[in-house]
Amino acid sequence: MQLELTEQILHFIEHHKKADSIDLAAEFKEDHQKVIGALKSIEAHGEILKSETTTKKVWDLTNEGHYVIEHGSHEATVFNAIPNAGILQADLMKTSPNAKVGFSKAMNAGWIVIDKSGKTPLVKRKVESIDDVVQQHLIEIQSGKSTNIPDNIKADYKKRKLLVENTIKSFIITKGPEFTTTLTKLETDLTSDMLTSGAWKNLKFKEYNFDALGAVPQAGYQHPLLKVRTEVSEIFTQMGFVEMPTNNYVEASFWNFDALFQPQMHPARDAQDTFFLSIPEKSYKFPTSYLERVKNAHENGGNGSIGYRYNWKIEEAQKNILRTHTTGVSARMLYKLANQEGGFKPVKYFSIDKVFRNETLDATHLAEFHQVEGVIAGVDISLGGLKGIISEFFSKMGLTDVQFKPAYNPYTEPSMEIFAYHKGLGKLIEIGNSGMFRREMLDPMNIPSNVNVYGYGLSLERPTMIKYGIKNIRELIGPKVDLKMVQESALCRLDK
Ligand code: PHE
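Residues numbered from 1 in each chain as written. Predicted model: local features only at pLDDT ≥ 70, side-chain atom pairs only at ≥ 80, totals over all residues. Heavy atoms only, no water.

To keep it simple, the criterion reads: UniProt positions are given in the numbering used here, feature names are shortened, and annotations may be inferred rather than shown by experiment.
Looking up the protein in an unreviewed UniProt entry gives the name phenylalanine--tRNA ligase, with the organism given as Polypedilum vanderplanki. Taken verbatim from the UniProt record of the protein, the Sequence similarities (unreviewed entry) comment is "Belongs to the class-II aminoacyl-tRNA synthetase family. Phe-tRNA synthetase alpha subunit type 2 subfamily." In its Subcellular location (unreviewed entry) section, the UniProt record describing the protein reads: "Cytoplasm".

1. Examining the site of the ligand
How we decide: Put simply, a residue is near a molecule or strand once any heavy atom of it comes within 4 Å of that molecule or strand. Two N or O atoms form a polar contact when they lie within 3.5 Å of each other; inside protein one atom must be a possible hydrogen donor and the other a possible acceptor, and for residues adjacent in sequence the pair counts only when both atoms belong to side chains. Using the Shrake-Rupley algorithm and a 1.4 Å probe, accessible areas are obtained, with residue cover drawn only from the displayed protein chains. The helix count covers DSSP runs of H or I at least four residues long, the strand count covers runs of E at least two residues long, and both are numbered beginning at the N terminus. Amino acid classes used here: Ala, Val, Leu, Ile, Met, Phe, Trp, Tyr, Cys and Pro are nonpolar; Asp, Glu, Lys and Arg are charged; the rest, including Gly, are polar.
Neighbouring the ligand are 15 residues; His-325, Thr-327, Arg-357, Gln-371 and Tyr-411 lie closest to it. Arg-357 is positioned such that a nitrogen or oxygen atom in its side chain is 3.1 Å from an oxygen atom of the ligand. Coverage of the ligand by the protein chains reaches 92% of its 330 Å² of free accessible surface. Elements that contribute at least two residues to the shell around the ligand include exactly β10 (368-379), β13 (427-437) and β14 (451-459). Residues belonging to the shell around the ligand are distributed by class as follows: 3 nonpolar, 10 polar and 2 charged.

2. Overview of a nonpolar patch on the surface
Worth spelling out the cut-off: For patch detection, residues must exceed 30% relative accessible area and be free of salt bridges, and they are connected within 9 Å for like charges or within 5 Å for nonpolar side chains (Val, Leu, Ile, Met, Phe, Trp, Tyr). We count a salt bridge whenever a side-chain nitrogen from Lys or Arg sits within 4 Å of a carboxyl oxygen from Asp or Glu. Exposure categories follow from relative accessible area, calculated using a 1.4 Å probe and restricted to protein chains: below 20% of the type maximum is buried, above 50% is exposed, and the middle band is partly exposed.
On the surface, Leu-190, Leu-195, Trp-200 and Phe-205 cluster together into a nonpolar patch covering about 390 Å² of accessible area. With respect to the helices and strands, Phe-205 occurs in the loop between α10 (192-197) and α11 (224-238). The class of Phe-205 is partly exposed, set by a relative accessible area of 31%.

3. Topic: the pattern of salt bridges
Enumeration over the complete set of coordinates arrives at 19 salt bridges. Here Lys-295 makes a salt bridge to Glu-299, at a shortest N to O gap of 3.5 Å. Taken as a pair, Lys-295 and Glu-299 lie in helix α13 (residues 288-300) at a separation of 4 residues, close to a single helical turn. A salt bridge links Glu-440 to Arg-438; the nearest nitrogen and oxygen atoms lie 3.2 Å apart.

4. A few points about the packing of aromatic side chains
Put simply, the rule is: The aromatic pairing rule takes the rings of Phe, Tyr and Trp, using the six-membered ring of Trp, and pairs them if the centres are within 6.5 Å, calling planes under 30 degrees apart stacked, those over 60 edge-to-face and the rest tilted. Only when the NZ atom of a Lys or the CZ atom of an Arg is both within 6 Å of the ring centre and within 35 degrees of the ring normal do we say a charge sits over the ring.
By the definition in use, this model includes 19 aromatic pairs. Between Tyr-249 and Phe-356 the ring centres are 5.2 Å apart and the planes differ by 65°, which places this aromatic pair in the edge-to-face class. Within this pair, whereas Tyr-249 is found in the loop between β6 (242-243) and β7 (250-252), its partner Phe-356 is found in strand β9 (residues 347-356), the two being separated by 107 residues in sequence. Look at Tyr-249 and you get partly exposed, because its relative accessible area is 38%. A centroid spacing of 5.7 Å and a plane angle of 35° characterise the contact between Trp-255 and Tyr-290, whose relative ring orientation is tilted. Of this pair, Trp-255 sits in helix α12 (residues 253-256) while Tyr-290 sits in helix α13, and the two are 35 residues apart along the sequence. For the residue pair Trp-255 and Tyr-290, the accessibility class agrees, reading buried in each case. Geometry around Phe-79 places Arg-125 over its ring, the cationic atom sitting 4.5 Å from the centre. For Arg-332, the ring lying beneath its charged end belongs to Trp-255, and the centroid distance is 5.2 Å.

5. Some points on the pairing of β14
The line we're drawing: Between any two strands, at least two bridges found by DSSP are needed for them to pair.
Here β14 lies mainly inside the structure; 7 of its 9 residues are buried. Note that β10 and β14 share 9 bridges and pair antiparallel. The partner of Gln-371 across the bridge, within β14, is Ser-459. Bridging between β13 and β14 involves 4 bridges; their strand directions are antiparallel.

6. Observations regarding the nonpolar core
Where we set the bar: In this description, a nonpolar core means a group of buried Ala, Val, Leu, Ile, Met, Phe, Trp, Tyr and Cys residues linked to one another through side-chain atoms lying within 4.5 Å. Two residues qualify as a contact provided that any one of their heavy atoms is within 4.5 Å of a heavy atom in the partner residue.
Within the largest apolar cluster, 40 residues are counted, with the highest numbers of intra-cluster contacts made by Val-232, Phe-236, Phe-393, Phe-394 and Tyr-456. For Phe-394, the contacting residues outside a window of four places in its chain are Leu-399, Val-402, Ile-418, Ile-431 and Leu-458. One finds Tyr-310, Ala-317, Leu-337 and Tyr-411 within the second-largest nonpolar core, a separate group that totals 35 residues.

7. As for helix α8 (residues 133-142)
Counted only if it meets this: Relevant arc is that of directions from the helix axis to the C-beta atoms, nothing else.
Where α8 is concerned, the buried positions are Val-134, His-137, Leu-138 and Ile-141. Here the buried residues of α8 occupy an arc of 95° about the axis, which is enough to place them on one side. The elements touched by buried residues of α8 are β2 (49-61), α4 (63-71), α5 (74-81), α9 (151-159) and β5 (163-175). Gly-144 lies just past α8 and shows a positive phi near 80°.

8. Some details on the sheet that holds strand β1 (residues 18-20)
Defined as follows: Lines fitted to C-alpha atoms define the axes, with helix axes restricted to the stretch in contact, and inter-axis angles between N-to-C directions lie between 0 and 180 degrees.
Strand order in this open sheet of 3 strands is β1-β5-β2, and the pairing throughout is antiparallel. Only two strands of the sheet have a single neighbouring strand rather than two, namely β1 and β2. Neighbour to neighbour, the strand axes of the sheet diverge by 25° on average, direction disregarded. Pairing analysis gives 13 bridges linking β2 to β5, with the strands arranged antiparallel. Residue pairing in the sheet places Lys-56 in a bridge with Ile-168 of β5. Against the sheet, helix α3 (residues 32-43) makes contact with β2 and β5, and its axis sits at roughly 20° relative to β5, the strand it touches most.

Set out below in structure tokens:
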């Protein structure tokens, strides 16, 4: 329907060059608003038409005017009510509600007379028949042809309250630089097919209407990931941890890898796993003497370590990346801690924020996820303490029987994968990674030698999916998230 109207309009403009939207509405017997809607949808296709707003005065009928169209003018009604023999004026006044006006108008028009020849004066017809011009004029005005009627007559009808004058806004339409009479369908979605075939180059896309009002949500709901995030953050806070500032998705390789004693030829650095930035490609500000000590630890080790024995290059450390873990933030915080005024003080830090890995996407992997990280630094603290903290943390999360399995991390020794028994699933599941940070990482930072630092990391998505029984990660994050899932997910889980 709408499509038809848009094309009707385009054909009309092709022939007439110019039109007023009000006249278009009259031409196509459509509501003016509908014509404006059609013009708006033509506008979405580009500069097909040009339009200028204009205001115009139009004559509209009042209710009384409509009454006259249906029943005749008041004077005609009076004329028609008079029988051949005449009628008493008082009786004539009872024949219609507007008889008084009708009577004086009919007198003025010379249609009727008062015959005083008999005993009582009677109102009689003076002419045989009449033309109800008022009614005819109003019919013409109703059909949009008010221009045929002289202005003084319309002014008179206005005085008689048969007409009102209204101002309306309309558009003067002319051809635009891209004028055409055929509209190609506008694409609403950019698909991966269009991208791979290159078809997008020749397609026309519908513009976003940023003014459109969205459906008003009945209430706000917290996403399950945010609920678990809040829970995790509360547990850490209860245990005396302080949150680290993680507001930098972009990290220099130096902090993400080198500071963590991760060798420059480590496979995790290559483009397989890491997103490298092209703009800005490199970082330039590093604490210089610390950087020298990191270089030395990589090349020669120290304190009994022989290092990795390769040529450490600043160029590699300068490369900007999307951080692959938040442990780079931990490294920066530990460096600050060791070099702050007043020297080192024991700390417990945590963070929960996004990390990025160039992984193949599947039901349980995304290229970005949230990492939960805990770091503890203290004098002479031991692996037993780490196990204790981890067990306490997970029991507060509802996971008991925490078990550890030896693992490898370039920056921790020993390293332990963390497993826990999940009651709901009825089996042991891997939930995180942990370890004691190596001296090769801590010494260049100037962390005192009697201070041990340990930490652990896990993903936020994994426990969330387990808690809420979500099998595919795309149901949890991304454009396919069903808002109903968010609305209906439990406020909290009592059977942790
Ligand atoms: N950074 C590790 C990871 O990404 C987690 C971790 C943090 C391990 C701290 C040990 C110490 O999996």
